[in-house]
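Chain by chain, the residues:
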Protein chains: 2
Amino acid sequence: MKRHTWQREAVRDALGVRENFVSAQQLHAALRGGGSSIGLATVYRALADLASEGAADSLQQEGESLYRACTPGTHHHHLICRNCGLTVEIEADAVEQWANSVAAEHGFTRPHHVVDVFGFCAGCSIAEKTATP
Amino acid sequence: MKRHTWQREAVRDALGVRENFVSAQQLHAALRGGGSSIGLATVYRALADLASEGAADSLQQEGESLYRACTPGTHHHHLICRNCGLTVEIEADAVEQWANSVAAEHGFTRPHHVVDVFGFCAGCSIAEKTATP
DNA sequence: TGTACTGTTGATAACGAATCTCATTACCGT
DNA sequence: ACGGTAATGAGATTCGTTATCAACAGTACA
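I will try to describe carefully the structure that is included in this document. (Residues numbered from 1 in each chain as written. Chains lettered and ligands numbered in written order. Predicted model: local features only at pLDDT ≥ 70, side-chain atom pairs only at ≥ 80, totals over all residues. Heavy atoms only, no water.)

**Details of the overall build of chain A**
Reasoning step 1: A count of helices and strands for chain A gives five helices and six strands.
Reasoning step 2: Along chain A, helices and strands appear, N-terminal first, in the series α-β-α-α-β-β-β-β-α-β-α.
Reasoning step 3: Seen through its C-alpha atoms, chain A measures out along the principal axes to roughly 55 × 50 × 25 Å.
Reasoning step 4: By residue count, 40% of the 133 residues in chain A fall in the buried class. (Helix = DSSP H or I, 4+ residues; strand = E, 2+ residues; numbered from the N terminus. Buried < 20%, exposed > 50% of the residue type's maximum accessible area, 1.4 Å probe, protein only.)

Okay, here's the thing in structure tokens:
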């Protein structure tokens, strides 16, 4: 049976407060910094649970997993700033359909897809332009 | 200056021969198995070089980087079997355009995108269906 | 062809993310 | 309140990747 613990709540809350993708380690450090005594392994477990039940999105970047809260039930993708991490949820029905049809075309079943767009957000685009010599 | 070594050639060739995505370690093991004395670090370096110069595609799966040879200059995505690794290159002009426009809409510049479709290829779909009790 | 310069190699150490172990804790139905 | 049992957490462990550094080998040039 699934139990309700303050640790899981803490992870869920800490993730819900954030706007951007964060790593398990960052989240653990933040919780510890906030006075919590939560363990690293627990943060990993909680994040894995959240992701598997659809309450969090995850993506792999530079060899580590990043997580972000999302409203369960909705399928969406992300537009992520390479510089500051700002993340925007985007819908892409056309892409969903394309993925399904291209999979079917080649005889593939049970298609999943990874679709993320990276770039520099408006603010960082300007900041970079002025900073470059 | 960039030097030409048999090690780099060996990695390039070994990658070119393969149809599917492989990890650096797999490639290293294969080369060693073939009688080569190439070092692991060198395989990692060669793969990183190939990827950065556009001669190889890479993707992250289960915490490790996988590589696959590709014809430089062409932009494409992949349809990958979750079971056997069979990979099909797919074109997706519609997706390119969608990615660019959605980035522009939100003020993002220099958009890159990660688009990969996973599933079970025709062969593995059948095999799994008959294997399940 | 010989030689000096310097990029490359490879064994191993180091690193870091993620997972495993297992004794202890504490949630929850009864 | 009680008991079983899932969850926790400190530390050890695994495993992919990168850094270190002395030895090596392309390459340009005389």
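**Topic: the environment of B:Pro72**
Residue and element names in this part refer to chain B.
Reasoning step 1: Secondary-structure assignment places Pro-72 in the loop between strand E3 (64-69) and strand E4 (77-81).
Reasoning step 2: For Pro-72, a relative accessible area of 56% corresponds to the exposed category.
Reasoning step 3: When the C-alpha atoms of Pro-72 and Ala-46 are compared, they prove to be 16 Å apart, with 26 residues separating the residues in sequence.
Reasoning step 4: Not counting chain neighbours up to four residues away, the residues in contact with Pro-72 comprise Gly-54 and Ala-55. (Contact = heavy atoms within 4.5 Å.)

**Re the protein's contact with DNA strand D**
Reasoning step 1: DNA strand D sits among 22 residues. The nearest are A:Thr5, A:Thr42, A:Arg45, B:Arg3 and B:Ser65.
Reasoning step 2: Restricting the count to atoms of DNA strand D within 4 Å of the protein gives a sugar and phosphate share of 65%.
Reasoning step 3: A:Thr42 has a polar side-chain atom sitting 2.6 Å from a phosphate oxygen of DNA strand D.
Reasoning step 4: Counting residues per element, the surface near DNA strand D draws most heavily on helix H3 (residues 40-52) of chain B, at three residues.
Reasoning step 5: Here the residues of the surface near DNA strand D sort into six nonpolar, nine polar and seven charged. (Near = heavy atom within 4 Å. Polar contact = N/O pair within 3.5 Å; in protein donor to acceptor, adjacent residues only side chain to side chain. Nonpolar A, V, L, I, M, F, W, Y, C, P; charged D, E, K, R; others polar.)

**Considerations on the pairing of strand E2 (residues 56-61) of chain B**
Residues and elements named next belong to chain B.
Reasoning step 1: Relative to E3, E2 runs antiparallel, the two sharing six bridges. The partner of Asp-57 across the bridge, within E3, is Arg-68.
Reasoning step 2: Between E2 and E3, which pair antiparallel in sequence order, lie two residues; one of them, Glu-62, sits at a positive phi of approximately 50°. (Pairing = 2+ DSSP bridges.)

**A closer look at the protein's contact with DNA strand C**
Reasoning step 1: With respect to spatial proximity, 20 residues lie near DNA strand C, and among them A:Ser65, B:Arg3, B:Thr5, B:Thr42 and B:Arg45 are the closest.
Reasoning step 2: Across the atoms of DNA strand C situated within 4 Å of the protein, the share located in sugar and phosphate is 70%.
Reasoning step 3: Within the side chain of B:Gln7, one N or O atom sits 3.0 Å away from a sugar or linking oxygen of DNA strand C.
Reasoning step 4: For DNA strand C, a phosphate oxygen lies 2.9 Å from a polar atom in the side chain of B:Arg32.
Reasoning step 5: At three residues, H3(B) tops the list of elements feeding residues into the surface near DNA strand C.
Reasoning step 6: Split by residue class, the surface near DNA strand C holds five nonpolar, nine polar and six charged.

**Description of the interface of chain B and chain A**
Reasoning step 1: Between chain B and chain A, the residue contacts involve 35 residues of the former and 35 residues of the latter.
Reasoning step 2: Summed over both sides, the interface between chain B and chain A buries roughly 2,800 Å², with carbon and sulfur atoms accounting for 67% of that surface.
Reasoning step 3: The tally of links from chain B across to chain A stands at zero salt bridges.
Reasoning step 4: Counting the contacts that link chain B with chain A gives 10 residue pairs in polar contact (both at pLDDT 80 or more).
Reasoning step 5: When residues of the side of chain B that touches chain A are traced back to their parent elements, those giving at least two are E4, strand E5 (87-90), helix H4 (93-105), strand E6 (109-120) and helix H5 (122-131) of chain B.
Reasoning step 6: Residue contributions to the side of chain B that touches chain A peak at 12 residues, all from E6(B).
Reasoning step 7: Of the residues contributing to the side of chain B that touches chain A, the split by class is 21 nonpolar, nine polar and five charged.
Reasoning step 8: Direction of pairing for strand E6 (residues 109-120) of chain A relative to E6(B): antiparallel, over a ladder of nine bridges. Each residue of the ladder has a partner; that of A:Phe120, found in E6(B), is B:Thr109. (Buried area = accessible area lost by both parts, 1.4 Å probe. Salt bridge = Lys/Arg side-chain N within 4 Å of Asp/Glu carboxyl O.)

**Re H4(B)**
Residue and element names in this part refer to chain B.
Reasoning step 1: When the terminal C-alpha atoms of H4 are compared, their 18 Å separation across 13 residues agrees well with the 18 Å that a helix rising 1.5 Å per residue should span.
Reasoning step 2: Residues of H4 that are buried: Val-95, Glu-96, Trp-98, Ala-99, Val-102 and Ala-103. The buried side chains of H4 occupy one side of the element, clustering within an arc of 165° when seen end-on. Among the exposed residues of H4, those pointing more than 90 degrees away from its buried face are Asp-93, Ala-94, Gln-97, Ala-104 and Glu-105. (Expected span 1.5 Å × (residues − 1). Arc of directions from axis to C-beta.)

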